[in-house]
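Breakdown of the fold
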There are 2 protein chains.
Amino acid sequence: MQNFSVVSSFPLKPACTFTIPKYIVKFPPLRLCSRLHTSSLTSSTMDPSPLTIDTINPKVLKCEYAVRGEVVTIAQRLQQELKDNPGSHPFEEILYCNIGNPQSLGQHPITFFREVLALCDHPFLLDKSEISCLFSADSIRRAQKILGLIPGKATGAYSHSQGIKGLREAIAAGIEARDGFPSNPDDIFLTDGASPGVHMMMRLLIRSESDGLLCPIPQYPLYSASIALHGGTLVPYYLNEATGWGLDISELKKQLHAARSNGMSVRALVVINPGNPTGQVLTEENQKQIVEFCKKEGLIILADEVYQANVYVPEKQFHSFKKVARSMGYGEKEISIVSFHSVSKGFYGECGKRGGYYEVTGFSADIRAQIYKLASVNLCSNIAGQILASLIMNPPKAGDDSYESYLAERDGILSSLARRAKTLEDAFNSLEGVTCNKAEGAMYLFPQIYLPEKAIKAAAAAKTAPDAFYCKRLLNATGIVVVPGTGFGQVPGTWHFRCTVLPQEEKIPAVVSRLSEFHEDFMNQFRD
Amino acid sequence: MQNFSVVSSFPLKPACTFTIPKYIVKFPPLRLCSRLHTSSLTSSTMDPSPLTIDTINPKVLKCEYAVRGEVVTIAQRLQQELKDNPGSHPFEEILYCNIGNPQSLGQHPITFFREVLALCDHPFLLDKSEISCLFSADSIRRAQKILGLIPGKATGAYSHSQGIKGLREAIAAGIEARDGFPSNPDDIFLTDGASPGVHMMMRLLIRSESDGLLCPIPQYPLYSASIALHGGTLVPYYLNEATGWGLDISELKKQLHAARSNGMSVRALVVINPGNPTGQVLTEENQKQIVEFCKKEGLIILADEVYQANVYVPEKQFHSFKKVARSMGYGEKEISIVSFHSVSKGFYGECGKRGGYYEVTGFSADIRAQIYKLASVNLCSNIAGQILASLIMNPPKAGDDSYESYLAERDGILSSLARRAKTLEDAFNSLEGVTCNKAEGAMYLFPQIYLPEKAIKAAAAAKTAPDAFYCKRLLNATGIVVVPGTGFGQVPGTWHFRCTVLPQEEKIPAVVSRLSEFHEDFMNQFRD
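Residues numbered from 1 in each chain as written. Chains lettered and ligands numbered in written order. Predicted model: local features only at pLDDT ≥ 70, side-chain atom pairs only at ≥ 80, totals over all residues. Heavy atoms only, no water.

Right, let's get into the overall build of chain A. Helix and strand counts for chain A stand at 18 helices and 16 strands. For chain A, whose C-alpha radius of gyration is 26 Å, the value lies close to the compact-globule estimate of 24 Å for 528 residues. The C-alpha extent of chain A, read off along each of the three principal axes, is 80 × 70 × 55 Å. Expressed as a percentage of contacts within chain A between residues at least 6 apart in sequence, the contacts between residues at least 24 apart total 70%. As displayed, chain A has an accessible area near 18100 Å², and 55% of this comes from carbon and sulfur atoms. Placing the 53 positive and 53 negative side-chain charges of chain A at their respective mean positions leaves the two points 7 Å apart. (Helix = DSSP H or I, 4+ residues; strand = E, 2+ residues; numbered from the N terminus. Rg over C-alpha atoms; globule rule 2.2 N^0.38 Å. Contact = heavy atoms within 4.5 Å. Areas by Shrake-Rupley, 256 points an atom, 1.4 Å probe, with all protein chains shown as cover. Lys, Arg positive; Asp, Glu negative; His and termini not counted. Charge placed at Lys NZ, Arg CZ, Asp CG, Glu CD.)

To continue, consider the domain arrangement of chain A. Residue and element names in this part refer to chain A. When its domains are assigned, chain A resolves into domain 1 (63-106 + 407-526) and domain 2 (158-392). Using C-alpha coordinates to define each centre, domain 1 is positioned 28 Å away from domain 2. For the domain 1 and domain 2 pair, buried surface summed over both sides reaches about 2800 Å², with 57% attributable to carbon and sulfur atoms. Considering only the surface of domain 1 that becomes buried against domain 2, Asn 437, Glu 440 and Ala 442 emerge as the three largest contributors, covering 22% of it. At the boundary of domain 1 with domain 2, the tally comes to 17 residue pairs in polar contact (both at pLDDT 80 or more). (Domains from an automatic or database assignment. Buried area = accessible area lost by both parts, 1.4 Å probe. Polar contact = N/O pair within 3.5 Å; in protein donor to acceptor, adjacent residues only side chain to side chain.)

All names here are of chain B. Where helix H7 (residues 165-179) contacts helix H14 (residues 383-392), the axes come no closer than 8 Å and their chain directions differ by 25 degrees. When the interaxial angle is binned, H7 and H14 end up roughly parallel. Where H7 crosses over H14, the handedness of that crossing is left-handed. Of the residues in H14, those in contact with Leu 167, Ala 170 and Ile 171 of H7 are Gln 386, Ile 387, Ala 389 and Ser 390. Looking at the contact of H7 with H14, its residues break down into 5 nonpolar, 2 polar and no charged. (Axes fitted to C-alpha atoms, helices over the stretch in contact; angles between N-to-C directions. Parallel < 35°, antiparallel > 145°, perpendicular 65-115°, else oblique. Left-handed = near helix turned anticlockwise from the far one by under 90°. Nonpolar A, V, L, I, M, F, W, Y, C, P; charged D, E, K, R; others polar.)

All names here are of chain A. Overall, antiparallel pairing links the 3 strands, which are arranged S12-S16-S15 in an open sheet. At either margin of the open sheet sits one strand with a lone partner, and together these are strand S12 (444-445) and strand S15 (483-484). Judged from the 2 bridges that link them, S12 and strand S16 (residues 497-500) form a sheet pairing that is antiparallel. Bridge assignment links Leu 445 to a residue of S16, and that residue is Cys 499. (Pairing = 2+ DSSP bridges.)

The next subject is the packing of aromatic side chains. Centre distance and the angle of the planes are the two values used to describe a pair of aromatic rings. Residues and elements named next belong to chain A. Summed over all chains, the structure comprises 36 aromatic pairs over all chains. Arranged with centres 5.2 Å apart and planes meeting at 10 degrees, the rings of Phe 189 and Tyr 358 form a pair that is stacked. Highlighted residues: Phe 189 in strand S4 (residues 188-191) and Tyr 358 in strand S10 (residues 356-361), separated in sequence by 169 residues. We classify Phe 189 as buried; its relative accessible area is 2%. Among the aromatic side chains, those forming a connected cluster through ring pairs are Phe 428, Phe 469, Tyr 470, Phe 497, Phe 518, Phe 522 and Phe 526. (Phe/Tyr/Trp six-rings, centres within 6.5 Å; stacked < 30°, edge-to-face > 60°. Buried < 20%, exposed > 50% of the residue type's maximum accessible area, 1.4 Å probe, protein only.)

Our focus in this paragraph is the environment of Gly412(B). Within the secondary structure, Gly412(B) sits in helix H15 (residues 403-429). Taking the C-alpha atoms as reference points, Gly412(B) and Lys165(B), 247 residues apart in sequence, are found 33 Å from one another.

Moving on: the UniProt feature "domain: Aminotransferase class I/classII large" (unreviewed entry) in chain A. In the numbering adopted here, UniProt assigns the feature "domain: Aminotransferase class I/classII large" (unreviewed entry) to residues 153-514 of chain A. For residues 153-514 of chain A, the helix share is 41%, the strand share is 15%, and the end-to-end C-alpha distance is 52 Å. (UniProt positions renumbered as here; feature names shortened; annotations may be inferred.)

Before going further, it helps to spend a moment on unusual backbone geometry. If a residue is not glycine, its phi is most likely negative; likewise, a peptide bond is most likely trans. In this structure, Pro277(A) follows Asn276(A) across a cis peptide bond, with omega equal to 10 degrees. Topologically, Pro277(A) is positioned in the loop between strand S7 (265-272) and helix H11 (284-297). Cis peptide bonds are those with omega within 30 degrees of zero, and the linkage from Ile217(B) to Pro218(B) qualifies with 0 degrees. Although it is not a glycine, Trp245(A) sits at a positive phi angle of roughly 60 degrees. Considering the arrangement of structural elements, one finds Trp245(A) in the loop between strand S6 (233-238) and helix H10 (249-261). Using a relative accessible area of 4% as the deciding quantity, one classes Trp245(A) as buried.

Turning next to the pattern of salt bridges. Residues and elements named next belong to chain B. One pass over the full model with this rule turns up 47 salt bridges over all chains. As a salt-bridge pair, Arg 178 and Asp 179 come within 2.7 Å of each other at their nearest N and O atoms. Take Arg 178: its relative accessible area is 23%, and that puts it in the partly exposed class. Overall, Asp 179 belongs to the buried group, its relative accessible area being 7%. As a salt-bridge pair, Lys 422 and Asp 426 come within 2.7 Å of each other at their nearest N and O atoms. With Lys 422 and Asp 426 both in helix H15 and 4 residues apart, this pair spans about one turn of that helix. (Salt bridge = Lys/Arg side-chain N within 4 Å of Asp/Glu carboxyl O.)

Right, here's the structure in full:
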């Protein structure tokens, strides 16, 4: 509480001196006026004008989010036109390859997960004998167990701000089983997907534009967008396309020191593994170098590990950064790591459930208290998402009734994704002036397109980036939606696009032929 | 895209001039260094220290959230102690009256809603004949209809960033039926509860500390917390406790002009109707005055209308601010209104589902585009919450199989809440030095306690606010959790607490006797 006199910004009450809650900031007029925007002054003290683009928070204007950006808006319009007026375009459907949204393209959810969710949504069913022929025995047992973890079995109640304790214990057990190192349920914060967790950490770390976060380029635009919204600065480190999107420590050093020499306070390193949009899987050796680098430089590791269940090549394997750090002998006190996970990705792809968590290690108790407070301001994440997060970390085990069908569903999806990734990769590499690295993991390919000068000039004339120009042409000709590399960042002067590997397998041949045909026409039109 | 040369903050690539995405902010070193915190400098350029409370975003430190604050943390500890060591306290259970969380205190969900959710979670059930004896016929029809609105029936897919079009159409239809004025599905943004929508509007409106938002005092701390996190200033207008928490236009004028004369740019008026924590329901006449005031002063109305289904007195009725404005002849172009709603409140109290929406009217197309962008950064809200939002705005109708049972559940809950509110109100008013206004709506009572000087001194000695001192004593003696008035704001020198009316009816007598007994002891101990 702070004291001040009535001669303050709010001269109102009889009392001569009084206390008000901290959040009511006192404004010494001088200090304020000196900082005041004219625009605000006009809009506030003169005849008030409605909100305009010039009077909103400029950080919002700065923020960009390409995976739902202009190309997608055009696609939504085309889809409506196809609906209202079939045959109005040279294609019958819009194929959304812009976003990792498997179930929107026909992937089926994992049956066991949905059984448990349905029973938890309507526990009344658990008292009915009829369910034995509708639900697997272990889904019934699991639902009963989960409801037992929820005070009053109330799936409609706000939970603890970090998420239901029993579910966090289950997730911590899953992490231990994955890593072979202990995990503490109190370190787990359940979230509505990974994004809110990333925003929360940006909110905690960013004080001003002089706070920087090292991010890979190309990166997933959640990072550029959240850094822009919170008013910080993205410090890029470029992945090496020539070595399959390798992460070079020398590049990290160069960028960190360049930023620091410009007076930046670099707070954390964002690393996405498996990579998005790049699809590479880091080697354990490389991860050790990254941990060593962050340890030495005092950087927090923000580890985006949402694709941990999507690895397609036998020679690579997912290792969490926490596991790598612990295996190097760095404990709680030696290094700060935040690991983000989500129910939206993996083979389950439950994007619409908005479930996820982050595991926070290596922070002091008072920082933890601030993170808890941030979580509590939004009360809690949705309970179905919390339940699902506990399920992906504790799927059916050998001996459970659902085990065989679960394995079949899982392996069916993963092997199909691997085949689709390979087919698309080969297709891209067969195109004139296109090179594409292998997708070792995640759900994306990020081919580079060498655009003819004529195409680049045409793009400039159309006031659009060359890769966006290409992607819009592709969309209008084929209905295929991909995202221009500009939205992810790329080595200046190079052009890419991100394409998911998610179209259902039977559609892949059509995608390939439509893509190839378009590309050939495009090159014929613009070849120098 | 912006151009600059290699002699920039990131001197790395061979190319001499190149373009990088907008979000990579260039830093002219001079400009930066002049603004740099020493703390950042030390932590970045010298031997780096781990994150400390002095180096996090100070806005996070400033933010407070009392409904999940200190008293609740103590309660969670006591609950654990009772579990580990039964009989260790003079009560058997913790009674959480700190937060509007009905199902955590035993309220049952509305059956129809849960039937629909379960069927949408596991659509496989819809093909099974057995469900006819497990689900109501109209819940089956409704689930089929809703799945038909979702592309590919994919409840596991990300939706349109604003929410599923067909569900927004259903919500708009519900709003029209409620108000008698048109509602546009494109004005609806579905959210994970009301809170994220409020944060989104604060993000849009707040540029700096010189941007102010008029908020009622007492207020729900979501507003003080989100304003603090986004770096704006809460401009308080005090509700008149003497007239049943009346909202006086003269007070609004006084506060607005005081703030403006201090150079503040006041952007919007937050109004909570029915009131939280105060429980009053505004008269239509009063709402017209508020609309007129905001129209004249060019203020956006941020209308928290999440308790619209919780009105307990026959003489009062809920009217949305949009309906009132339209009935006064103010259209889309004349006034900006944002109406927030949630599935967490009402008689359904589905807090754990995190569903809600806000309806945005009276903003230009370019501002709308910015709001859409903010929504898209988090992709979409959870689909079950979206479905539930469409259900609360379109419940079973006369003729539907569930109609009778739905009415019985609804009226049972509402009439019980009204009885509980009255019983607690009378109980508070019967206590020495306590006065309590009637709860006309919402779920709370906000009694004023006239604390003896001796108690205030004791609180000061304990370095705590007098109302917090009282609430902690109450908790330790009875296990009843209420929130100190300090967390909501109150006329300086007055002390209150917020108590929900949600304990199940059979428990109310015990609550009353425990409260009364405690209060008598407290007063005996501290009476001057």
